[in-house]
Amino acid sequence: MAIADKPQYNVIGTRPIRHDGVDKVTGRAMYGADFRMAGLLHGVIVRSPYAHARIKRIDTAKAAALPGVRAVVTSDDLPQHGARQVDLGEGAVSMRHLAANVLTDDKVLYRGHAVAAVAADNVHIAEEAARLVKVEYEPLPPVLDVRAAMQPDAPILNDDVRTVFAGAPEVNADQPTNIAKHLLFEKGNPQEGFAGADLVFEREFDTTMVHQGYIEPHNATALWNADGKVTVWMSTQGSFTAREQTAELLRLPVSSVKVVPMEIGGGFGGKISVYLPPVAALLSRKSGRPVKVIMSRADVFEATGPTPGSHIRLKLGVTKDGKLNAAEAWVAFEAGAYPGSPVGMACMCVFACYDIPHARVEGFDVCVNKPRTNAYRAPGSTQVAFAIETVVDEICTELGVDPVELRLRNASRKGTQRVDGPTFARIGMEETVEAIKASSHYMSLAPQSRSPDKQCGRGVASGFWFNAGLKSSVTATVNADGTVSLIEGSTDIGGTRTSIAMQLAETLGITAEDVHPTVADTEGIGYTDVTGGSRVTFSTGIAAVRAAEDICSILADRAAALWDVPADQTKYENGGVTGPDGKRISFKELAGKLHLVGGPVTGSGISGEESQSGAFGTHCVDVEVDTETGKVQILRYTIAQDAGTAIHPSYVEGQMQGGVVQGIGWALNEEYWYDEQGMRNATFLDYRMPTCYDVPMIETIIVEVPASNHPYGVRGVGEVPICPPPAAIANAIYQATGVRMRQLPMSPPRLLAELLKS
Amino acid sequence: MSNKHVISLELNGDAVEFLCEPRQTLLEVLRDILHLTGTKEGCSNGNCGACTVLFNGRPVVSCLVLAMECEDAKIRTIEGVACDGALDEIQNAFLEGAALQCGICTPGFIVQAQALLDENPNPSEDEIRFYLAGNLCRCTGYDKIVRAVQAAAEQRRAATTAG
Ligand code: FES
Ligand code: FES
């Protein structure tokens, strides 16, 4: 449903077949693990069996002596970084931490922490050799709970961590600590706000660590050539950030590292940090051969970057007529082994759906003995959406107000100020709520319980994500047959080759099929930030539109030359150039004549928007709870989301559906089962992600409130769909059973325990 | 070095022979010895279905099959689904229905769906979901995959009636 009068487009809004589709349905597409070259060795990483231990000694002699072993490396082979801080696009990070996460030096901070690596003629020999690396550990007490880790007497993970205070008053700033960051945002006067409220609700929430769960494990093949140049073929969300990280870790100039992005089998934020490339590169330098390393599934769970578990306290004050007046949140996130959880973003997101005059939020980034966390689809937002959206639902119940009405009454709109300061431009929060209100799902009768032990209910929740802008580059060349070759730097995880090509095609007035997109390596295109932050269709799209405009103006000049008229009398419009006296030449025709008038035509475009305007979504779900077992079945699910302008509606729907199902997994089953020994469920069987038998069709309503800062009004769509599901499902469970769930996942044993209490 | 064995089998309609070690799985042989990398590895312990191939017509996870068990077997992989350069109905339906995002699960789903439609040309949504439940997809939420299989089934039935 389009809100504003939508311009007529020829390509945008259609559903062409993706350009890389045939390769991907025939098995021909080359993913990272599919890459091979002559002389290839296979690497295996030696990993810690302890959650926390000091390394006393590493003996690699036996491993190195095994026939077929070509290289063994430890952190001694990595350059030293001292206290060096480097900004790799997401604020300054300690290079010592990054390096130690790739190959640790004196301590292991989580089970699965990389300690050494071997390369051998085949993976079986490498695995045998890895078992022969003897590491002597002195086990230390681990700390696994975020609140326990904040206590003054907690075991300290990193001696060099001191709390960074952002907005919060400084205390014990010079003490070693696990609290890496303490943030505080405030707007209005929360104390007065609560005093002016008729009802105040204060609740506590816990969520556990969860994983992105991409099906393709991390992989990298590196060749350290005799000329000192390192080439890495890998699966990554951002070839340029992978290059920067690899170069910084190896202390090489960026130009000495080339990253060739292979097809990528899912990322969701988890394939931005590098784990394998520097290690594969070191093994390659030692052996003089290319080395491929592929993680096992257990390694992926135990030693990549899941998203933090959290403890959240949330307080909302509301007037009798259902106006949210004051809000307060206290949010502690597990950073994992090293600082860097998305708690800051969580704090900015927590109240973003609502126009609340008085608010305060405090956030803590806390190291615990679990893998170093990383981005996962709308990082930080889902945890806090679970908290606020269930409290909002409680308010609705208490006041007897329809959840959709209360959201409309309080929705953020243009001009609403977020707790961290910025003010919203035109956004579509209200419109997504209206869309749910008008949906056949919401208008249908709530599901009826089939029997006493099968209780049904309906829940609603909303969510917010910023969407990132950042930098992209595109170049495009006109072919003599009237098509365009488009080169971009954004790795394509979900069909973005096509959404970018469509924007170029729309601008040039040609078809999507007449554009041939290619994702280039770091030497084939200008700098491009990661495929993440829901930014590619927006930001690389802008770059493609600019490249197309560049071509349009060159073609107008060429047509002028062809017709021998002054250049200011020609104009590119509607897929061709018009000139004086009704002159007109189509793009295709002109493309065939370019060799006569000036030669090849190449356009280029870059983008570097600071930010996008935010994305909002509102979801509605019907569930059935088996009160004997605590199992929740999703009966029906509808998502309404503001996409600004949907370039390729099928892939917009796909993002919405995929995000929802990840959210359902997070809500109902997924969790890291952690104890002193480490993760106990590091397989897909035990880390229970939704299968297609667990979910129904996901109904989608694309709302289109065009964004003002994109030529076609695009808003990123990839991330926000994961935010509302846990809360929507919790609210539906409440409707079904009268039980309020305040911990994730709401798995059968946990829900059953609550049901038995009630 | 362990002893290597000669295995002969039929792969995508062709007679194939290879040398393998007893510890090598069919998945490893397909990918690393025969260089058929369309069959994907997501977990190597039978839990994701990315490595699904047809073994004498039945879908199996090739990471749990030892290559030595394949003597004389008829194996069909994703590379053998398209015939003479023309895509199969399922492949077309996946393309037209945008049933893939990253595509890493796609070969496994297409092979599994082949087996389903061979067994049951007119499956209900529930039957499709049950049959595909051993294949994980983390990107799509399954909606478009299920619809693609429905569309392909319809296409095939139409083709059979017409033919
Ligand atoms: S790789 Fe075989 S089932 Fe996952
Ligand atoms: S399309 Fe990515 S896992 Fe299915």
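Just so it is clear, the structure is predicted and the values come from calculations on it, not from any experiment. (Residues numbered from 1 in each chain as written. Chains lettered and ligands numbered in written order. Predicted model: local features only at pLDDT ≥ 70, side-chain atom pairs only at ≥ 80, totals over all residues. Heavy atoms only, no water.)

> Pulling in residues and values, what's your account of the overall build of chain B?
A count of helical and extended segments in chain B gives five helices and five strands. For chain B, the N- to C-terminal ordering of α and β elements is β-β-α-β-β-β-α-α-α-α. For 163 residues, the compact-globule formula gives about 15 Å, and the C-alpha radius of gyration of chain B, at 16 Å, lands near that figure. Expressed along its principal axes, the backbone C-alpha trace of chain B runs to roughly 50 × 35 × 25 Å. (Helix = DSSP H or I, 4+ residues; strand = E, 2+ residues; numbered from the N terminus. Rg over C-alpha atoms; globule rule 2.2 N^0.38 Å.)

> Quick one: what's the story with the pairing of strand 2 (residues 14–20) of chain B, residue by residue and with numbers?
Two faces belong to every sheet, and in a regular strand the side chains alternate between them. Strand direction decides the pairing type here: strand 1 (residues 5–11) of chain B and strand 2 of chain B, joined by seven bridges, are antiparallel. When the bridges of strand 2 of chain B are listed, Leu11(B) appears paired with Asp14(B). (Pairing = 2+ DSSP bridges.)

> Hey, could you go over the interface of chain B and chain A for me, with residue numbers and the actual values?
The interface of chain B with chain A comprises 51 residues on the first partner and 57 residues on the second. A buried area of about 4,400 Å², summed over both sides, lies between chain B and chain A, and 59% of it is on carbon and sulfur atoms. On the chain B side of the contact with chain A, Leu95(B), Gln101(B) and Arg138(B) bury the most area, a combined 19% of that side's loss. Counting across the interface, chain B meets chain A through five salt bridges. One salt bridge connects Asp34(A) with Lys40(B), and the closest N-O pair in it is separated by 2.4 Å. Where chain B packs against chain A, one counts 27 residue pairs in polar contact (both at pLDDT 80 or more). At the level of secondary structure, the elements contributing two or more residues to the side of chain B that touches chain A comprise helix 1 (26–33), helix 2 (89–96), helix 3 (106–119), helix 4 (125–131) and helix 5 (143–162) of chain B. (Contact = heavy atoms within 4.5 Å. Buried area = accessible area lost by both parts, 1.4 Å probe. Salt bridge = Lys/Arg side-chain N within 4 Å of Asp/Glu carboxyl O. Polar contact = N/O pair within 3.5 Å; in protein donor to acceptor, adjacent residues only side chain to side chain.)

> Break down the packing of helix 2 of chain B against helix 5 of chain B for me, citing the residues and quoting the values.
Residue and element names in this part refer to chain B. Their axes nearest at 8 Å, the elements helix 2 and helix 5 cross at an angle of 135°. As judged from the angle between their axes, helix 2 and helix 5 are oblique. The crossing of helix 2 and helix 5 is right-handed. For the pair formed by helix 2 and helix 5, the contact residues are Glu89, Ile90, Ala93 and Phe94 on the first element and Ile145, Ala148, Val149, Ala151, Ala152, Gln155 and Arg156 on the second. (Axes fitted to C-alpha atoms, helices over the stretch in contact; angles between N-to-C directions. Parallel < 35°, antiparallel > 145°, perpendicular 65-115°, else oblique. Left-handed = near helix turned anticlockwise from the far one by under 90°.)

> For the nonpolar core, give the residues involved together with the corresponding values.
Counting 193 residues, the largest nonpolar core has Leu314(A), Leu316(A), Phe351(A), Ile729(A), Met746(A) and Phe94(B) as the members making the most contacts within it. A per-element tally of this core places helix 11 (residues 381–399) of chain A first, with nine residues. Ala476(A), Ala501(A), Ala512(A) and Val565(A) belong to the second-largest nonpolar core, a separate cluster that totals 44 residues. (Core = buried A, V, L, I, M, F, W, Y, C linked by side-chain atoms within 4.5 Å. Buried < 20%, exposed > 50% of the residue type's maximum accessible area, 1.4 Å probe, protein only.)

> Can you tell me about the sheet that holds strand 9 (residues 164–166) of chain A, naming the residues and giving the values?
All names here are of chain A. Overall, mixed pairing links the six strands, which are arranged 9-10-18-17-16-11 in an open sheet. Both outer strands of the open sheet, strand 9 and strand 11 (199–207), are each paired with one neighbouring strand and no more. Recorded for the sheet is a direction-independent mean angle of 10° between the axes of neighbouring strands. Against the sheet, helix 11 engages strand 11, strand 16 (310–318) and strand 17 (324–336), with an angle of about 145° to strand 11.

> Residues and numbers for the environment of Ile75(B), please.
All names here are of chain B. Here Ile75 is to be found in strand 5 (residues 74–76). When the C-alpha atoms of Ile75 and Gly13 are compared, they prove to be 8.1 Å apart, with 62 residues separating the residues in sequence. Beyond its immediate stretch of four places on either side in the chain, Ile75 contacts Leu9, Glu10, Leu11, Asn12, Leu26, Val53, Leu54, Phe55 and Cys70.

> Tell me what's going on with the layout of surface pockets, and back it up with residues and numbers.
Each pocket or cavity is described by its volume, and for the second largest pocket that value is around 1,000 Å³. Taken together, 44 residues form the lining of the second largest pocket, with Val44(A), Val123(A), Glu127(A), Ile294(A) and Ser296(A) sitting closest to its centre. Those elements that provide at least two residues to the lining of the second largest pocket are strand 1 (41–47), helix 4 (123–132), strand 8 (134–139), strand 15 (291–294) and helix 9 (297–303) of chain A together with helix 1 of chain B. Among the elements that make up the lining of the second largest pocket, the one with the highest residue count is strand 1 of chain A (six residues). Across the lining of the second largest pocket, the residue classes break down as 21 nonpolar, eight polar and 15 charged. (1 Å grid on protein atoms, 1.4 Å probe; cavity = no way out; pocket = protein on both sides within 12 Å on 5 of 7 lines; lining within 4 Å. Points joined across faces, edges and corners; volume = space filled by probe spheres on them. Nonpolar A, V, L, I, M, F, W, Y, C, P; charged D, E, K, R; others polar.)

> Which residues make up the confidence of the model for chain B, and what are the values?
In this model, chain B carries an average pLDDT of 96, and 98% of its residues clear a pLDDT of 70 or more. With a pTM of 0.97, the predicted complex shows an ipTM of 0.98. (pLDDT = per-residue confidence, 0-100.)

> Let's hear about the sheet that holds strand 26 (residues 602–611) of chain A: which residues, and what values?
Residues and elements named next belong to chain A. The strand order 22-21-20-26 describes an open sheet built from four strands, whose pairing is mixed. Taken across any chain shown, the strands that pair with only one partner, and hence form the sheet edges, are strand 22 (515–519) and strand 26. The sheet shows a mean angle of 20° between the axes of neighbouring strands, taken without regard to direction. Pairing analysis gives five bridges linking strand 20 (residues 468–478) to strand 21 (residues 484–488), with the strands arranged antiparallel.

> Before we move on, could you go through the domain arrangement of chain B and cite the residues and values that matter?
Residues and elements named next belong to chain B. What the domain assignment lists for chain B is domain 1 (5–80) and domain 2 (89–162). Relative to domain 2, the C-alpha centre of domain 1 lies at a distance of 22 Å. Facing 12 residues of domain 1, the contacting portion of domain 2 comprises 13 residues. Together, the buried faces of domain 1 and domain 2 total about 970 Å²; carbon and sulfur atoms form 66% of this surface. At the surface where domain 1 touches domain 2, the tally comes to zero salt bridges. (Domains from an automatic or database assignment.)

> Outline the side chain of Gln245(A), supporting the account with residue identities and numerical values.
All names here are of chain A. By secondary structure assignment, the location of Gln245 is in helix 7 (residues 239–250). Taking relative accessible area as the criterion, Gln245 reaches 7% and is therefore assigned buried. Discounting chain neighbours no more than four positions away, the residues touching Gln245 are Leu88, Ile272, Ser273 and Val274.

> For helix 15 (residues 496–508) of chain A, give the residues involved together with the corresponding values.
All names here are of chain A. With 13 residues, helix 15 extends 18 Å between its outermost C-alpha atoms, agreeing within 8% with the 18 Å of an ideal straight helix rising 1.5 Å per residue. Most of helix 15 is tucked away, with 13 of its 13 residues classed as buried. One or two residues past the end of helix 15 sits Gly509, with phi positive at roughly 75°. (Expected span 1.5 Å × (residues − 1).)

> Mind laying out the domain arrangement of chain A, listing which residues take part and the relevant values?
Residues and elements named next belong to chain A. Along its sequence, chain A is organised into domain 1 (21–28 + 469–607) and domain 2 (380–467 + 612–757). Once you take the C-alpha centre of each, domain 1 and domain 2 turn out to be 38 Å apart. Contact residues are listed per partner, giving 16 residues for domain 1 and 15 residues for domain 2. Where domain 1 abuts domain 2, roughly 1,200 Å² becomes buried across the two surfaces, and 65% of that area is made up of carbon and sulfur atoms. When the buried area of domain 1 at its contact with domain 2 is split by residue, Met502, Ser534 and Phe538 rank highest and sum to 42% of it. Counting across the interface, domain 1 meets domain 2 through zero salt bridges. Joining domain 1 to domain 2, the criterion identifies six residue pairs in polar contact (both at pLDDT 80 or more). Elements represented by at least two residues in the side of domain 1 that touches domain 2 include exactly helix 15 and helix 16 (536–563). Residue composition of the side of domain 1 that touches domain 2, grouped by class: four nonpolar, 10 polar and two charged.

> Explain unusual backbone geometry to me, using residue names and the numbers behind them.
All names here are of chain A. Here the bond from Leu744 into Pro745 is cis, since omega is -5°, no more than 30 degrees from zero. Its place among the elements puts Pro745 in the loop between helix 19 (725–737) and helix 20 (748–757). For Ser534, which is not glycine, the phi dihedral falls at a positive 55°. By secondary structure assignment, the location of Ser534 is in the loop between strand 22 and helix 16.

> For the packing of helix 11 of chain A against helix 19 of chain A, give the residues involved together with the corresponding values.
All names here are of chain A. Across the interface, helix 11 lies against helix 19 with an axial gap of 8 Å and an inter-helix angle of 35°. The two elements helix 11 and helix 19 cross, and the hand of that crossing is right-handed. Residue-level inspection shows Thr382, Ala385, Phe386, Glu389, Thr390, Asp393 and Thr397 of helix 11 in contact with helix 19, the latter providing Pro726, Ala727, Ala730, Asn731, Tyr734 and Gln735. Across the contact of helix 11 with helix 19, the residue classes tally to six nonpolar, five polar and two charged.

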